[in-house]
Amino acid sequence: ASNDQQSTTPAKFQRILLGNSRDMPLAMARDILAALREDVSLFEMVRSRFSDAPSDEEPFDLDGLSEELEAVATAMAPGDVSDVIGTDSGMQILMRVA
C-alpha cells in the first residue's frame, strides 16, 4: 500500500532560490546546504534571509517544476534536503515537506 500513498497525498516541497538576483558563490550555497543538512529546522530562517524568492512560503507540488528539478524531487523522501541544483533561475535547494 505504500505505493498508493503518492496518489492520495501529493508530495509537497519548499525551496531556497540562490543567485537569482545577485552573484551567490557556489561555495556559499554549499555552506548553506551543509548547515541545513545538520539542522533542517534552519530551513525557514535560511529561506527568509538568503532566498531570492522568500515569498515562496506555500509548499508546492511537482506541477510546473522543470524536468531537472522534478527528477531530483521525485527521488526525495519527506524531510529530505536536495543537493544544490543549478537551474536557469539560479541555484536551488529543495526540501520535501510532505
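Residues numbered from 1 in each chain as written. Predicted model: local features only at pLDDT ≥ 70, side-chain atom pairs only at ≥ 80, totals over all residues. Heavy atoms only, no water.

Asker: I'd like to hear about the pattern of salt bridges, residue by residue, with values.
Answerer: Here the structure, examined in full by the defined rule, presents three salt bridges. In this structure, the salt-bridge partner of D83 is R37, at a minimum N-O distance of 3.1 Å. Taken as a pair, D83 in the loop between α4 (67–74) and β2 (85–87) and R37 in helix α2 (residues 26–38) lie far apart in primary sequence, 46 residues in all. Relative accessible area serves as the criterion here: at 47%, D83 is assigned to the partly exposed category. (Salt bridge = Lys/Arg side-chain N within 4 Å of Asp/Glu carboxyl O. Helix = DSSP H or I, 4+ residues; strand = E, 2+ residues; numbered from the N terminus. Buried < 20%, exposed > 50% of the residue type's maximum accessible area, 1.4 Å probe, protein only.)

Asker: With reference to specific residues and values, describe the packing of aromatic side chains.
Answerer: All chains considered together, the criterion is met by one aromatic pair. Considering the side-chain rings of F13 and F60, the 6.4 Å spacing of their centres and the 35 degrees angle between planes classify their relative orientation as tilted. Of this pair, F13 sits in strand β1 (residues 13–18) while F60 sits in the loop between α3 (43–50) and α4, and the two are 47 residues apart along the sequence. Here F13 and F60 have matching classes, each one buried. (Phe/Tyr/Trp six-rings, centres within 6.5 Å; stacked < 30°, edge-to-face > 60°.)

Asker: Tell me about the sheet that holds β1, and please be specific about residues and values.
Answerer: One open sheet holds the three strands; their spatial order is β1-β3-β2, and the pairing between them is antiparallel. On the outer flanks of this sheet lie β1 and β2, each paired with one strand and no other. Each strand axis lies, on average, 35 degrees off the axis of its neighbour in the sheet, ignoring direction. Sheet topology places β2 next to strand β3 (residues 90–96); three bridges connect them, and they run antiparallel. Its bridge partner being in β3, G86 is matched across the sheet by M91. In this fold α2 packs onto β1 and β3, with an angle of close to 10 degrees to the strand it touches most, β3. Against the sheet, α3 engages β1 and β3, with an angle of about 40 degrees to β1. (Pairing = 2+ DSSP bridges. Axes fitted to C-alpha atoms, helices over the stretch in contact; angles between N-to-C directions. Contact = heavy atoms within 4.5 Å.)

Asker: Can you lay out the confidence of the model for the protein for me, pointing to particular residues and giving the numbers?
Answerer: Counting all residues, the mean pLDDT for the protein is 86, and 87% of those residues have values of 70 or more. Confidence drops under a pLDDT of 50 for residues 1–6, and excluding neighbours within four residues, the segment shows one contact in the predicted structure. (pLDDT = per-residue confidence, 0-100.)

Asker: So, the packing of α2 against α3: which residues are in play, and what are the values?
Answerer: Contact geometry for α2 and α3: axes closest at 10 Å, N-to-C directions at 155 degrees. Classified by the angle their axes make, α2 and α3 are roughly antiparallel. By crossing handedness, the relation of α2 to α3 is classed as right-handed. For the pair α2 and α3, the contacting residues are M28, I32 and L36 in the first and F43, V46 and F50 in the second. Per-class residue counts for the contact of α2 with α3 are six nonpolar, no polar and no charged. (Parallel < 35°, antiparallel > 145°, perpendicular 65-115°, else oblique. Left-handed = near helix turned anticlockwise from the far one by under 90°. Nonpolar A, V, L, I, M, F, W, Y, C, P; charged D, E, K, R; others polar.)

Asker: Account for the side chain of S82, naming residues and giving values.
Answerer: For S82, the location among the structural elements is in the loop between α4 and β2. For S82, a relative accessible area of 3% gives the class buried. Residue contacts for S82: discarding those within four places in its chain leaves L33, R37, V72, M76, Q92, I93 and L94.

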